[in-house]
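Fold and contact review
What follows is the residue order along each chain.
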Amino acid sequence: MRKTALTLLAVCLLVSIACVAWAGPRVVIDGTPLSLDQQPVIEQGRVLVPMRAICEALGAAVEWNGVTRTVMVTKARRTVHLTIGVKTAYQDAFPITLDVPPRIVNWRTLVPLRFISQALGAGVSWDGDTRTVTVTSASDSFAAVKVTEADAGRTVDLKEGDVLEVVLEGNPTTGYNWGVESLEASILNQVGDPMFQPDTDLIGAGGKITFRFRASATGRTLLKLVYQRWWEKGVPPLDEFEVTVRVQ
């Protein structure tokens with residue numbers, strides 16, 4: 001009898017350990033655990049959470065289109081578009097490639113937690129020991145700061161959540177393109193791909209190339225862009241642009 005009781009106790013202990021091991025990660029927003037009706041999942045090292053719960057907890061509005069299977073999230077001047085099963089999302093009309101796409105689990109739309117949180121201006125950290133994701137929401141009072149060639153060499157001050165727009169003259173039809181050479185991505189991350197706006201409708205016209213970056217953490221980083229033909233190895237760039245970015 002005693003042996004049977006010990007066996008049952010051992011089985012219960014193993015089941016309890018298994019349940020803890022398979023439990024989804026915990027999400028905490030501004031110190032408060034997030035209540036979810038669908039457990040978060042980890043896919044390819046990325047935490048996916050129910051979209052509506054995380055977005056509304058961060059003060060964002062959510063619109064779902066069942067026909068196109070798309071989601072639009074808005075908060076102040078931020079807008080995010082996602083499509084179920086598609087790795088390309090749009091943040092303020094700029095395309096972003098996701099590591100894992102949104103998907104539906106038990107009739108709930110799950111989205112990558114880090115992407116959607118940072119897109120809404122929040123900070124994200126992961127504690128692997130406790131399997132806890134901590135999200136710190138940001139103030140809506142972020143700014144868009146624009147710099148051009150005339151600002152080369154200066155120091156730009158930003159707050160977390162602010163957007164830095166770098167607008168440079170260029171002409172991609174010549175084969176030359178601006179690209180980022182130096183950047184501390186943990187402090188300043190690029191938002192989408194650069195966009196080219198020609199000065200005229202003439203074929204081959206030059207114009208302005210706009211890069212957008214979001215300040216995601218406090219710190220200081222050198223942002224350096226170079227203008228070159230990227231397939232030409234060992235050839236110095238035709239032009240360079242750099243500013244020091246300080247995020248407070």
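Right above here is the structure, for reference.
Residues numbered from 1 in each chain as written. Predicted model: local features only at pLDDT ≥ 70, side-chain atom pairs only at ≥ 80, totals over all residues. Heavy atoms only, no water.

1. Quick word on the overall build of the protein
When helices and strands are counted, the protein shows three helices and 22 strands. Out of the 248 residues belonging to the protein, those deemed buried represent 38%. Summing over all exposed atoms, the protein offers an accessible surface of approximately 13800 Å²; the carbon and sulfur share of this is 55%. (Helix = DSSP H or I, 4+ residues; strand = E, 2+ residues; numbered from the N terminus. Buried < 20%, exposed > 50% of the residue type's maximum accessible area, 1.4 Å probe, protein only. Areas by Shrake-Rupley, 256 points an atom, 1.4 Å probe, with all protein chains shown as cover.)

2. What about unusual backbone geometry?
Backbone geometry at Arg-69 places phi at a positive 55°, although glycine is not the residue there. For Arg-69, the position within the fold is in the loop between β5 (61–65) and β6 (70–75).

3. Remarks on the sheet that holds strand β2 (residues 32–33)
Taken in spatial order, the four strands make up an open sheet running β2-β1-β13-β12, and their pairing is mixed. The open sheet is flanked by β2 and β12 (123–127), the only strands paired with a single partner. With four bridges connecting them, strand β1 (residues 26–29) and strand β13 (residues 132–136) associate as parallel partners. Bridge pairing links Val-28 to Thr-134 in β13. (Pairing = 2+ DSSP bridges.)

4. Points about the side chain of Gln-91
With respect to the helices and strands, the residue Gln-91 is situated in strand β8 (residues 88–91). According to the relative accessible area criterion, Gln-91 is buried, its value standing at 7%.

5. Things to note about the nonpolar core
Counting residues in each nonpolar core, the largest one holds 30 residues, and the members touching the most others are Ile-54, Cys-55, Val-73, Leu-82, Leu-113, Phe-115 and Ile-116. Elements represented by at least two residues in this core include exactly β1, β4 (46–50), α2 (51–57), β6, β7 (78–83), β9 (94–97), α3 (113–119) and β13. Among the elements that line this core, the one with the most residues is α3, at four residues. Of all hydrophobic cores here, the second largest spans 21 residues; its members include Tyr-176, Phe-211, Phe-213 and Val-247. (Core = buried A, V, L, I, M, F, W, Y, C linked by side-chain atoms within 4.5 Å.)

6. Observations concerning the sheet that holds strand β11 (residues 108–112)
Reading across from one edge, β3-β4-β11-β10 is the order of the four strands in this open sheet, with antiparallel pairing throughout. Two strands bound the open sheet, and with one partner strand each, they are β3 (41–43) and β10 (103–105). Put simply, the sheet's adjacent strands are angled 40° from each other on average, direction ignored. Note that β10 and β11 share three bridges and pair antiparallel. Within β11, the residue paired with Ile-104 across the bridge is Thr-109. (Axes fitted to C-alpha atoms, helices over the stretch in contact; angles between N-to-C directions.)

7. Details of the packing of aromatic side chains
Any two aromatic rings considered together are summarised by their centre-to-centre distance and by the angle between their planes. This structure, assessed with the given rule, holds three aromatic pairs. Members of the aromatic cluster, connected to one another through ring pairs, are Tyr-176, Trp-178 and Tyr-227. (Phe/Tyr/Trp six-rings, centres within 6.5 Å; stacked < 30°, edge-to-face > 60°.)

8. A short note on the pattern of salt bridges
Inspection of the entire model under this criterion finds twelve salt bridges. Of the charged contacts in the structure, one is a salt bridge between Lys-208 and Glu-169, with a shortest N-O distance of 3.5 Å. Taken together, the residues Lys-208 in strand β20 (residues 207–215) and Glu-169 in strand β16 (residues 163–170) connect sequence positions 39 residues apart. The exposure class assigned to Glu-169 is partly exposed, which follows from its relative accessible area of 37%. One network of salt bridges, in which partners are shared, links Glu-169, Asp-199 and Lys-208. (Salt bridge = Lys/Arg side-chain N within 4 Å of Asp/Glu carboxyl O.)

9. Here we look at the environment of Ala-119
Here Ala-119 is to be found in helix α3. For Ala-119, a relative accessible area of 1% gives the class buried. Linking Ala-119 and Gly-161, residues 42 residues apart in sequence, is a C-alpha distance of 9.0 Å. In contact with Ala-119, other than residues within four places in its own chain, are Arg-78, Val-80, Gln-91 and Arg-214. (Contact = heavy atoms within 4.5 Å.)

10. Here's the deal with the pairing of β9
The side-chain alternation of β9 yields one buried face, formed by Phe-94 and Ile-96, and one unburied face, formed by Pro-95 and Thr-97. As judged from the four bridges shared by β8 and β9, these two strands associate in the antiparallel manner. Opposite Tyr-90, over in β9, you have Pro-95 as the bridge partner. Between the antiparallel neighbours β8 and β9 lie two residues, among them Asp-92 with a positive phi of about 55°.

11. A look at the side chain of Asp-151
Take Asp-151: it is sitting in the loop between β14 (144–147) and β15 (155–158). On the accessibility criterion, Asp-151 (17% relative accessible area) is buried.

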